[in-house]
Amino acid sequence: MTEVGRVLGTDDARPLDFWVAVAEGRYLQLDEVVYVRTPLPDGVEVTVYGVVDQVRARYEGARFDSDVFRAAEGLLPVGISSAAHVSVTRVEPEVFVPPLPGQPVCRAEGVERERALYFDSMERRFPAGLSRDGQIVWGNLEFLDGTRGGHVNIAGVSGVATKTSYALFLLYGLFHHPATAARNRHDRAVIFNVKGEDLLFLDKPNARLSEAEKARYSSLGLPAGPFRDVALWAPPHRDCFGDLVTSTVSRQEGVTPYAWSLREFCQRRLLPFLFADADSEASQLHLAVGAAERFLAHQTEGQPSSQAWVMLGGQRVTDFEDLVDYLTDHSDEVFAGSHLSQATVGAFVRRLQGSVEAVSHLVRGDLSPDQEERHRIDVLAHQLNVVDIHALHDRAKRFVVGVVLRQLMQAKDKQGTREPLLFVVLDELNKYAPREGWSPIKEVVLDIAERGRSLGVILIGAQQTASEVERRVVTNASFRVAGRLDTAEAERSEYGFLGTQARARASILKPGTMFLHQPELPVPLLVQFPFPAWATRPEEVAHTLDEEHILR
Amino acid sequence: MALLTTLRLHPWASTWEGQPGASDEDEEDERPYVDPAVEVPPQDWRPLRPPAAGEPPAFMFVDGVRRIDVGVVAQDGDRPAWGLFGSYGAGAVVCRPGRAQVVREHVCRSLVLATAGYAGEVNVPAGSVVLAYRVESVGEDKSQNDVRREVQQRMRMLEAELVASGDAPTQDAVVVVDGPITFLPRDAGRRALVAGLIKTHHRYYLEGTPLAPWMTALAPGERTPIFVVRPKASPDDRFSWYVRLAEPPPFHHSLVGIVRLETWAQVGLERARALADLTAAFLPRFAPPMAWDDRAPNNLYPVAALEQRLRHGLGDYQWVRRSIESFIYRLGGLS
């Protein structure tokens, strides 16, 4: 029990916030956890726990601002008062009285800290990061795995907010921490690689991991190493015949090319995901898409899974371009009875043709049954699945994301049980689930946000600006995380969970530092997470001794 | 103490309420003897500017505050006895280049009664603390004014104790006491350089002499030559001199910004001259500008700050007063 000061009486103390005068020779900094005991007249002792969210110091006995110079010259005696503002996190027992001026305030350590931050009442918990003084900040797993809540939303400016890194850290913790690893052994995760080939080395140790960072992992109770069970998926090279070859540059080994067969495209109604830019609902285009989708499904119904191509109107269609040509040439037949204007059909055809270049290597008729099986993204076989989409055309990106999300929802639907869990890391939510308009991906994302909890599909969504994301997606997240935010963005109501002080601080957060808000805690906690223990680019890959030998 | 149960409030006695104004007047003589010829012959008088000095020495400023918390009257047999609850405090600030620090702070409380033979302590509960007033019987023949002066004297004695205690901070510091040195122990001047600083001009010591114009001719940083003052009430001669702290603004009287300092003649002319030079050279640094304080420039920074702090230490006036009122209410069996 370290006494750091006393409740001061020159500002009001309230049950939910109060000021502490910091004793001489002591200090309190932002984010420190403290508590005060307040005895009541009936003998009950109330303990008020809180987190420091503001600190100040000022002269006492000075009359003017310029007195600072007089004090510095030794002409005017002044005192220094330093004080800290505490936001209350917990009152035990729940008697909401203010702590009284003069009562000693102690730094919360050990059990007291666990109580202050509700860690003591978390039956199952996962490491959510480190506090600035190097102690574990826990998250309540019951609010992540769907028991009482689910989903994580991460906001922050690109580049400095390190949203993806934090999402990966969370997954790493879940998969490797002794508290969760055994239970979560069969859980799965999908993450889309959208920038460079950064995520293609998650299964390799990071050579640049310093000893200090390793120590941070061990203080989290985590091994400092790469992800253990990783599957890497990448689009096939455009010009390959026969065996598909991955298009990735920095790594080919262990990377599986992914593609869908034309037959699957038609039978499983994947066409809408080619039209996944958010569209106003007033537009007729989605009616055209729906008609074409039904046409293809109807035409290919019952065609055997041994073929990757399709028969349309007695015509054998073996690649995507042919499929587009067929739909273009037979538009009268395709849209018969759907009462669409020529303009709408024209728009549909134009867009469809525009997608040929983008997806013709992803939707193919030249796959053998064995290939089709091998190149279909299966997120349930390995623990962490990286789907590379970074080099794809924007339309193809949406297509892949939409199809993968829908197929995994269908797979979980079929599975019928919540566990094992399936985590979906999706950045750029503002693109996939924008606040305005409708798109098939938005529908799937919303479905995950609203129904995923009970199906065991947990969305770890991220975006630069939560204000541009569909409100229901953001509000359904039990865990809200904010990294560095743009000053204007931080003022939006979406970040109300931060409170005034954290909002102001959010604009200066360093990479590797986030504010974390979880349901039981009324205040956001500042968390830090260690440098990735897995390689995030080729130069970081630590080679084993054998590999070193070969390289030489 | 049966007398205490007869205590009743006498609200009109509480005129100071801790406000400045009760003057040093009481402590200065009507017509002291003045000898201007100790340092410089009168015909050679002119403002003296001390030789350029180096680093300022440490100064210790000693000051006190006092307040009548509430005036009372006790029934002493068939005689009404004046009295008051008074609080007073004294403290010291040591100013070295780069750091000014309050080093001593004492607060005392007295219940002064114009009676004989009563002693002890009266404990007045005031919220979270108990205020202990020492009962001081000053004699049956004392007037309301005498009772009041007793608090002033006790404050002066508290200041004197601070100077006399001779502990660490005073060893190498030039001690400047607010007001005349009347109450200070004479030998205090032997250990350290001690000067009393009188900031108001109730007596015009050079009045009627041809030397008077030299006083207002002083520029900041200059002093008059030392002259001897022999108060009637005191057996000791004192050395005294005037120093100008600051140039008065044009609309002020030319005496504004001039203070008088004094020390014991026993310290010898050499020490007194050294002291006079130090005060002339360095006290102007401590003089605040007009906007800073009502009594600027004569109320020096450290003194003003110390007074503010000591007054704060006496406790909130209204709160203390109300606590005494309810104490008397209960004591008199009125509750």
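Residues numbered from 1 in each chain as written. Chains lettered and ligands numbered in written order. Predicted model: local features only at pLDDT ≥ 70, side-chain atom pairs only at ≥ 80, totals over all residues.

## Points about the overall build of chain B
Piece 1. Within chain B, the secondary structure is distributed over 6 helices and 12 strands.
Piece 2. On C-alpha atoms alone, chain B measures out to a radius of gyration of 22 Å, which is about the 20 Å that the 2.2 N^0.38 rule sets for 335 residues.
Piece 3. Of all 335 residues assigned to chain B, the portion counted as buried reaches 44%.
Piece 4. Intrachain contacts of chain B at a sequence separation of at least 6 include 69% that bridge at least 24 residues. (Helix = DSSP H or I, 4+ residues; strand = E, 2+ residues; numbered from the N terminus. Rg over C-alpha atoms; globule rule 2.2 N^0.38 Å. Buried ≥ 20, exposed ≤ 12 C-beta atoms within 10 Å, placed from the backbone. Contact = placed C-beta atoms within 7 Å.)

## Observations concerning unusual backbone geometry
Residue and element names in this part refer to chain A.
Piece 1. Look at the link from Glu92 to Pro93: it is a cis peptide, with omega at -10°.
Piece 2. Tracing the chain through its elements places Pro93 in the loop between β5 (79–92) and β6 (104–107).
Piece 3. Of note, the phi angle at Asp31 is positive, near 75°, even though the residue is not glycine.
Piece 4. Inspection of the secondary structure assignment puts Asp31 in the loop between β2 (17–22) and β3 (33–39).
Piece 5. According to the C-beta neighbour criterion, Asp31 is partly exposed, with 19 such atoms within 10 Å.
Piece 6. With a phi angle near 65°, Tyr118 is a residue other than glycine that sits in the positive phi range.
Piece 7. Here Tyr118 lies in the loop between α2 (111–116) and β7 (125–130).
Piece 8. Residue classification places Tyr118 among the partly exposed positions, given that 19 C-beta atoms sit within 10 Å.

## Quick word on the domain arrangement of chain A
Piece 1. According to the domain assignment, chain A consists of domain 1 (2–116), domain 2 (121–258 + 377–547) and domain 3 (260–364).
Piece 2. Here domain 1 of chain A and domain 3 of chain A have C-alpha centroids that lie 67 Å from each other. (Domains from an automatic or database assignment.)

## Looking at the environment of B:Val124
Piece 1. Tracing the chain through its elements places B:Val124 in strand β6 (residues 121–126).
Piece 2. For the pair B:Val124 and B:Ile328, spaced 204 residues apart in sequence, the C-alpha separation works out to 9.0 Å.

## Digging into the interface of chain B and chain A
Piece 1. Counting residues at the interface gives 18 residues for chain B, matched by 11 residues for chain A.
Piece 2. Breaking the side of chain B that touches chain A down by element, the ones donating at least two residues are β4 (79–96), β5 (99–113) and α5 (301–313) of chain B.
Piece 3. The element best represented in the side of chain B that touches chain A is α5(B), accounting for 6 residues.

## A closer look at α5(B)
Piece 1. In a regular helix each residue adds 1.5 Å, so 13 residues correspond to 18 Å; α5(B) covers 18 Å between its end C-alpha atoms and thus fits that length.
Piece 2. Within the span of α5(B), buried status applies to B:Tyr301, B:Pro302, B:Val303, B:Ala304, B:Ala305, B:Leu306, B:Glu307, B:Arg309 and B:Leu310.
Piece 3. Tucked into the core, α5(B) has its buried residues touching α1 (67–73) of chain A together with β3 (59–76), β4, β5 and β8 (174–178) of chain B.
Piece 4. Within two residues after α5(B), B:Gly315 carries a phi angle of roughly 95°, on the positive side. (Expected span 1.5 Å × (residues − 1).)

## Some points on the packing of helix α8 (residues 320–329) of chain A against helix α10 (residues 342–354) of chain A
Residues and elements named next belong to chain A.
Piece 1. Where α8 contacts α10, the axes come no closer than 10 Å and their chain directions differ by 170°. Between α8 and α10, the angle falls in the class roughly antiparallel. Seen from α8, the contacting residues are Val324, Leu327 and Thr328; seen from α10, they are Val349, Leu352 and Gln353.
Piece 2. Across the contact of α8 with α10, the residue classes tally to 4 nonpolar, 2 polar and no charged. (Axes fitted to C-alpha atoms, helices over the stretch in contact; angles between N-to-C directions. Parallel < 35°, antiparallel > 145°, perpendicular 65-115°, else oblique. Nonpolar A, V, L, I, M, F, W, Y, C, P; charged D, E, K, R; others polar.)

## Let's talk about the pairing of β7(A)
Piece 1. Within β7(A), 6 of the 6 residues are buried, which leaves the element mostly enclosed by the surrounding structure.
Piece 2. The hairpin turn running from β7(A) into strand β8 (residues 136–140) of chain A, its antiparallel successor, is 5 residues long, and A:Gly134 in that turn takes a positive phi close to 80°. (Pairing = 2+ DSSP bridges.)

## Description of the environment of A:Arg471
Piece 1. Position of A:Arg471 among the secondary structure elements: in helix α16 (residues 471–475).
Piece 2. Each C-alpha atom of the pair A:Arg471 and A:Tyr49 lies 32 Å from the other, and the pair is 422 residues apart in sequence.

## Some thoughts on the pairing of strand β11 (residues 238–244) of chain B
Residues and elements named next belong to chain B.
Piece 1. Among the 7 residues in β11, 7 count as buried, and that is most of the element.
Piece 2. Burial along β11 is two-sided: Arg238, Ser240, Tyr242 and Arg244 facing one way and Phe239, Trp241 and Val243 facing the other are all buried.
Piece 3. Pairing of β11 with strand β12 (residues 258–264), which is carried by 7 bridges, proceeds in the antiparallel orientation. When the bridges of β12 are listed, Phe239 appears paired with Thr263.

## Concerning the sheet that holds β6(A)
Residue and element names in this part refer to chain A.
Piece 1. One closed barrel accounts for 6 strands, arranged β1-β2-β5-β4-β3-β6; its pairing is antiparallel. Averaged over all neighbouring strand pairs, the angle between strand axes comes to 45°, with direction disregarded.
Piece 2. Bridge count between β3 and β6: 3 bridges; the pairing is antiparallel. Bridging from a neighbouring strand, Val36 pairs with Val105 of β6.

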